[in-house]
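Here are the chains, one letter per residue:
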Amino acid sequence: MSKADMNAVRFDTQAIHAGYHRDSDFGALATPIYQTSTFTFTSADHAMGVFAGEIPGYDYTRAGNPTVSVFEEKIAHLEGGEAAISTASGMGAISSTLLGLLKMGDHIVCGNTVYGCTDVVMREILPDFGITATFVDTADAAAVEAAIQDNTKIIYFETPANPTMHVTDIAAIAALKEKHPGIRIVVDNTFAPPPVQQPLKLGADIVVHSVTKYINGHGDVIGGVAIGSKDDIALIKGRAMGKMTGTPLTPFCAYLIIRGMKTLGLRVRQHCANAMAMAEYLEKSPYVEKVYYPGLESMGKDHEVAKKQMNGMYGAIISFVLKDGINGMSAFDAGKKLMDNLTIPAIAVSLGDPDSLIQHPASMTHVRVPKDVREQVGITDGMLRFSVGLEEIEDLIADFDQAFAAL
Ligand SMILES: Cc1ncc(COP(=O)(O)O)c(C=O)c1O
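From a predicted model like this one, the values you see are computed outputs, not experimental measurements.

Draft legend 1. Representation of the sheet that holds strand S6 (residues 206–210) within the structure. Spatial strand order, S1-S7-S6-S5-S4-S2-S3: 7 strands in an open sheet with mixed pairing. Of all strands in the sheet, those bounded by a partner on one side alone are strand S1 (83–87) and strand S3 (132–136). Across the sheet, the mean angle separating the axes of adjacent strands is 20 degrees when strand polarity is ignored. Where S1 lies against strand S7 (residues 224–228), 5 bridges are found, and the strand directions are antiparallel. Within the sheet, the bridge partner assigned to Ala-84 lies in S7 and is Ile-227.

As structure tokens, this is what we get:
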């Protein structure tokens, strides 16, 4: 770490410097990869002291590793949290947070539009362990409050939500804690990483991320993280991750993520600028029925709330539906053909990479969500989800021009 006080410097400076206390052996500028499963001790007393938590240090990489710690400290700074615990995937962070904080008999109020695997965990897996969920539109704080039961321990949501880009007012949900103390607000911030949105500053208790996406930002790592207070992170760490069920991030992945994070602000700002231009282009297109992007005024209340809580940027995921009847095709068939016609975006799930990616939620990311549930929240068969990359925006628009013309 540079000598600067990380609490006194701005976002991009933190992204580069926070967390790394420069290697004392050789002064390496880049964070070394501590590729080791176990750690040695200078004496039996030293070993006992580290295991007892009385002497700072590491004992075994499942429970902690210096490279991994640099990432955790860095992301905690950028999200404005006290501590972070990383995992082998975003789903690892989500399931570990839930397992760490809940027990049999507890209840979750869950946003009705969440990533497909999160939906499966909430709807199919947790009930087998005696933990139930009620699904509501979390943009409606009154509906959330009405769903709270005596045993509700967590309100969980994504904003913007995957893939409808529906926006939840984080501060409005956090305000419910006044009347319902003891409930934690958990926000999946994958679609709006800092500097776009910092839910802890708006009253959320825990932020989870698929680090696989913007935070690593290069499409070459699977990782996850949960960020919150020291006490909550210690609970999650002690009960569900690290030493216990064991889904740690590897030192090599942590190294790649640290490397990617040095340009997080730069990348995310450009992603968002590209996405805004692309959303405006799609909205004007005669081939497009509807565009879902919180930066557009046509999103109504979603846009108003996004303006308030998303730091003047709106993320870089756009969902859209083509018109029915283009050359006699349904919106679904036209969407498939459009995906095939595009030459720059790859057909792939995931998001937040420099490469633009396009996918069909109903048959790909959200295929395990029951069809009636999908339709109820607006994940129609015609919807496509586009992760706007860092290619030149003129090239992306020219590619869409040719792909539409060839429908
Ligand atoms: C919003 C959201 N949360 C969580 C995840 C899961 O992350 P991972 O694939 O890293 O497990 C995803 C993956 O696409 C996602 O989009």
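On we go.
Draft legend 2. Layout of the packing of helix H3 (residues 66–79) against helix H10 (residues 251–261). Two elements in contact, H3 and H10, have axes separated by 8 Å at closest approach and are oriented at 35 degrees. Of the two elements, H3 crosses H10, and the hand of that crossing is left-handed. Every residue of H10 that contacts H3 at Thr-67, Val-68, Val-70, Phe-71, Lys-74, Ile-75 and Leu-78 is listed here: Pro-251, Ala-254, Tyr-255, Ile-257, Ile-258 and Met-261. Its residues assigned to classes, the contact of H3 with H10 comprises 11 nonpolar, 1 polar and 1 charged.

Draft legend 3. Helix H5 (residues 116–125), seen in detail. Listing the buried residues of H5 in full gives Gly-116, Thr-118, Asp-119, Val-120, Val-121 and Met-122. Tucked inside the fold, the buried residues of H5 contact helix H4 (90–101), strand S2 (107–111), S3 and strand S4 (152–158).

Draft legend 4. Representation of unusual backbone geometry in the model. Residue Pro-163 follows Asn-162 across a cis peptide bond; omega there is 5 degrees. In this structure, the amide linkage connecting Pro-194 to the following residue, Pro-195, adopts the cis form with an omega of 15 degrees. Here Pro-195 shows up in the loop between strand S5 (184–188) and S6. In this structure, Asn-327 is a non-glycine residue whose phi angle is positive, near 45 degrees. Along the polypeptide, Asn-327 turns up in the loop between strand S9 (317–322) and helix H13 (331–341).

Draft legend 5. Molecular detail of the packing of helix H11 (residues 264–284) against helix H15 (residues 393–405). Viewed as axis vectors pointing N to C, H11 and H15 meet at an angle of 25 degrees, and their least axial separation amounts to 10 Å. In terms of orientation, H11 and H15 fall into the roughly parallel class. Viewed along their axes, H11 and H15 form a crossing whose handedness is right-handed. Here Asn-274, Ala-277, Met-278, Tyr-281 and Leu-282 of H11 come into contact with H15, specifically with Ile-393, Leu-396, Ile-397, Phe-400, Asp-401 and Phe-404. Looking at the contact of H11 with H15 residue by residue, the class counts come to 9 nonpolar, 1 polar and 1 charged.

Calculation criteria
- Residues numbered from 1 in each chain as written.
- Predicted model: local features only at pLDDT ≥ 70, side-chain atom pairs only at ≥ 80, totals over all residues.
- Heavy atoms only, no water.
- Pairing = 2+ DSSP bridges.
- Helix = DSSP H or I, 4+ residues; strand = E, 2+ residues; numbered from the N terminus.
- Axes fitted to C-alpha atoms, helices over the stretch in contact; angles between N-to-C directions.
- Left-handed = near helix turned anticlockwise from the far one by under 90°.
- Contact = heavy atoms within 4.5 Å.
- Nonpolar A, V, L, I, M, F, W, Y, C, P; charged D, E, K, R; others polar.
- Buried < 20%, exposed > 50% of the residue type's maximum accessible area, 1.4 Å probe, protein only.
- Parallel < 35°, antiparallel > 145°, perpendicular 65-115°, else oblique.

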